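Spelled out, the chains give:
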Amino acid sequence: MATTLGAFIAGGIAACGAVTATHPFETVKIRMQLQGELQEKGLQPRLYRGPIHGVSVIVRNEGIGGIYRGIGAAYIYQMILNGCRLGFYEPIRGTITTAIFDDAKTQSLGVNIFAGATSGILGAAAGSPFFLVKTRLQSFSPFAPVGTQHAYKNAVDGMRQIHKGEGINGLYRGVGAAMVRTGFGSSVQLPTYFFAKRRLIKHLGMEEGPALHLASSTASGFVVCCVMHPPDTIMSRMYNQNGNLYKGVFDCLGKTVKTEGLLAIYKGFLPHLARILPHTILTLSLAEQTNKLMRKFEDKILPTNIKDQV
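Residues numbered from 1 in each chain as written. Predicted model: local features only at pLDDT ≥ 70, side-chain atom pairs only at ≥ 80, totals over all residues. Heavy atoms only, no water.

What follows concerns the overall build of the protein chain. Check the secondary structure of the protein chain and you find 10 helices and 0 strands. Secondary structure elements in the protein chain, listed N-terminal to C-terminal, are α-α-α-α-α-α-α-α-α-α. Against the globule reference of 19 Å for 310 residues, the protein chain gives a C-alpha radius of gyration of 20 Å, in line with a compact fold. Over its C-alpha atoms, taken along the principal directions, the protein chain stretches across nearly 60 × 45 × 35 Å. Here the protein chain holds 310 residues, and the buried ones make up 52% of them. Sequence-distant contacts in the protein chain: of pairs separated by 6 or more residues, those separated by 24 or more amount to 78%. Entry remark: accessible area of the protein chain is about 14,100 Å², with carbon and sulfur atoms responsible for 66%. (Helix = DSSP H or I, 4+ residues; strand = E, 2+ residues; numbered from the N terminus. Rg over C-alpha atoms; globule rule 2.2 N^0.38 Å. Buried < 20%, exposed > 50% of the residue type's maximum accessible area, 1.4 Å probe, protein only. Contact = heavy atoms within 4.5 Å. Areas by Shrake-Rupley, 256 points an atom, 1.4 Å probe, with all protein chains shown as cover.)

Turning next to the side chain of Thr 233. With respect to the helices and strands, Thr 233 occurs in helix α7 (residues 210-240). With a relative accessible area of 0%, Thr 233 lands in the buried category. Of the polar contacts made by the side chain of Thr 233, one reaches the side chain of Gln 33; its length is 3.1 Å. Apart from residues lying up to four places away in sequence, Thr 233 is in contact with Gln 33, Ala 264, Ile 265 and Lys 267. (Polar contact = N/O pair within 3.5 Å; in protein donor to acceptor, adjacent residues only side chain to side chain.)

Further remarks concern the packing of aromatic side chains. According to the stated counting rule, one finds 5 aromatic pairs in the structure shown. Centre to centre, the rings of Tyr 193 and Phe 194 are 5.3 Å apart; their planes meet at 70 degrees, and the pair counts as edge-to-face. Of the residues examined, Tyr 193 reaches a relative accessible area of 2% and is grouped as buried. Residue classification places Phe 194 among the partly exposed residues on the basis of a relative accessible area of 23%. Between Tyr 266 and Phe 269, the aromatic rings sit 5.9 Å apart at their centres with planes inclined by 65 degrees, giving edge-to-face as the arrangement. By relative accessible area, which is 36% here, Tyr 266 ends up partly exposed. By the ring-pair criterion, three or more aromatic residues cluster together here, those being Tyr 77, Phe 131 and Tyr 239. One residue, Lys 134, lies across the ring of Phe 131, its end atom 4.2 Å from the ring centre. (Phe/Tyr/Trp six-rings, centres within 6.5 Å; stacked < 30°, edge-to-face > 60°. Lys NZ or Arg CZ within 6 Å of the ring centre and 35° of its normal.)

With 19 residues, the main nonpolar core has Ile 162, Met 235, Met 238 and Tyr 239 as its most contacted residues. Put simply, the parts of the chain that give this core at least two residues each are α3 (71-100), α4 (109-139), α5 (155-171), α6 (175-204) and α7. Formed by 10 residues, the second largest nonpolar core is a distinct cluster that contains Met 32, Tyr 48, Val 57 and Ile 58. (Core = buried A, V, L, I, M, F, W, Y, C linked by side-chain atoms within 4.5 Å.)

A full pass over the atoms with the stated rule returns 1 cavity of 30 Å³ or more. Within this model, the largest cavity holds a volume of roughly 210 Å³. Taken together, 22 residues line the largest cavity, and the ones lying closest to its centre are Gln 78, Leu 81, Arg 181, Arg 275 and His 279. If you list the elements that add at least two residues to the lining of the largest cavity, you get α1 (4-34), α3, α4, α6, α7 and α9 (269-301). If one sorts the elements of the lining of the largest cavity by residue count, α3 sits on top with 6 residues. A per-class count over the lining of the largest cavity returns 8 nonpolar, 9 polar and 5 charged. (1 Å grid on protein atoms, 1.4 Å probe; cavity = no way out; pocket = protein on both sides within 12 Å on 5 of 7 lines; lining within 4 Å. Points joined across faces, edges and corners; volume = space filled by probe spheres on them. Nonpolar A, V, L, I, M, F, W, Y, C, P; charged D, E, K, R; others polar.)

Below, the discussion takes up the environment of Gly 147. Looking at where Gly 147 falls in the secondary structure, it is placed in the loop between α4 and α5. Gly 147 sits in the partly exposed class, given a relative accessible area of 36%. Contact partners of Gly 147, with chain neighbours within four places excluded, come to Leu 34, Glu 37 and Asn 240.

Now for the side chain of Ser 141. Its place among the elements puts Ser 141 in the loop between α4 and α5. At 2.7 Å, the side chain of Ser 141 forms a polar contact with the side chain of Glu 62. Discounting residues that sit within four places of it in the chain, Ser 141 has contacts with Arg 31, Tyr 48, Glu 62 and Gln 149.

Turning our eyes to something else, we now look at the confidence of the model for the protein chain. With 95% of its residues at a pLDDT of 70 or more, the protein chain shows a mean pLDDT of 88. Predicted confidence in the protein chain is weakest over helix α10 (residues 304-309), with a mean pLDDT of 56, and strongest over helix α2 (residues 51-67), with 96. (pLDDT = per-residue confidence, 0-100.)

Per the counting criterion, the structure on display carries 15 salt bridges. Lys 134 is the salt-bridge partner of Glu 26, the closest N and O atoms lying 2.9 Å from each other. Note that Glu 26 is positioned in helix α1 and Lys 134 in helix α4, a separation of 108 residues in sequence. Here Glu 26 matches Lys 134 in class, with each residue buried. As a salt-bridge pair, Glu 166 and Arg 136 come within 3.9 Å of each other at their nearest N and O atoms. With Glu 166 in helix α5 and Arg 136 in helix α4, the pair connects residues that are 30 residues apart, well separated along the chain. We classify Glu 166 as partly exposed; its relative accessible area is 32%. Among the charged side chains, a salt-bridge network with shared partners connects Glu 26, Lys 29, Lys 134, Arg 181, Asp 232 and Arg 275. (Salt bridge = Lys/Arg side-chain N within 4 Å of Asp/Glu carboxyl O.)

Put into structure tokens, the structure is as follows:
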């Protein structure tokens, strides 16, 4: 593992590579989560019916640019979120493990989950304004609009308009939902990845390499999607709202389930799965490689005493 700073950079770079490939499905997911918002079942429009249909509708009406709306904000968010998640996970886990156990190499599921959730929550809080703007940019459509529409020219214009109209609090609207959502996902992503990796090595005799990273990442991505999707739906709606339609996470959850039914919190699950599986695979697989490159780079430029302190 590279130093904390090196792991932060490596994690961010890996995530940006992954988001380039998976951003189209993220756009579809957000629009499916917002369509029919607080409308009874029989009255809900179905402009986007699934990941493939959604992509085709957007590309046909808005071009490639439509499916990649908000990509700039997504890059910044991923750098912050995954930089924190992959950069702080090991230091937090190591510190707690050392404090509790005699052997610093001891693997504790509880400690791993706590370290994953904590590192993810830190990243979500820091990057929330960028995810807010990204969500509003992706939900906007002049041809097949769903939810509240925000006509921002780009991420910078979105930030400016939100700050002008709502102040700093506006930029951090929905940050609680974002922290819950990312805490859920982060608490299982890395622990599941490393758990699957250890089991595959032990029981199937797999060796360190791309095949092991791919299999471990696939298992992690599926678990993350199942756990994270309900709070993800709530977060998308809180980010996209105008005014105070929802007072908080539980108010949004209650109104959504009461009006649209329990399954409403799983709207957009398939495009989410279509996004998060390759995203998790690419992020964690690329992170393995970028961490190795970062360690080689640090070995060349940093004295031993400095590396041990970072």
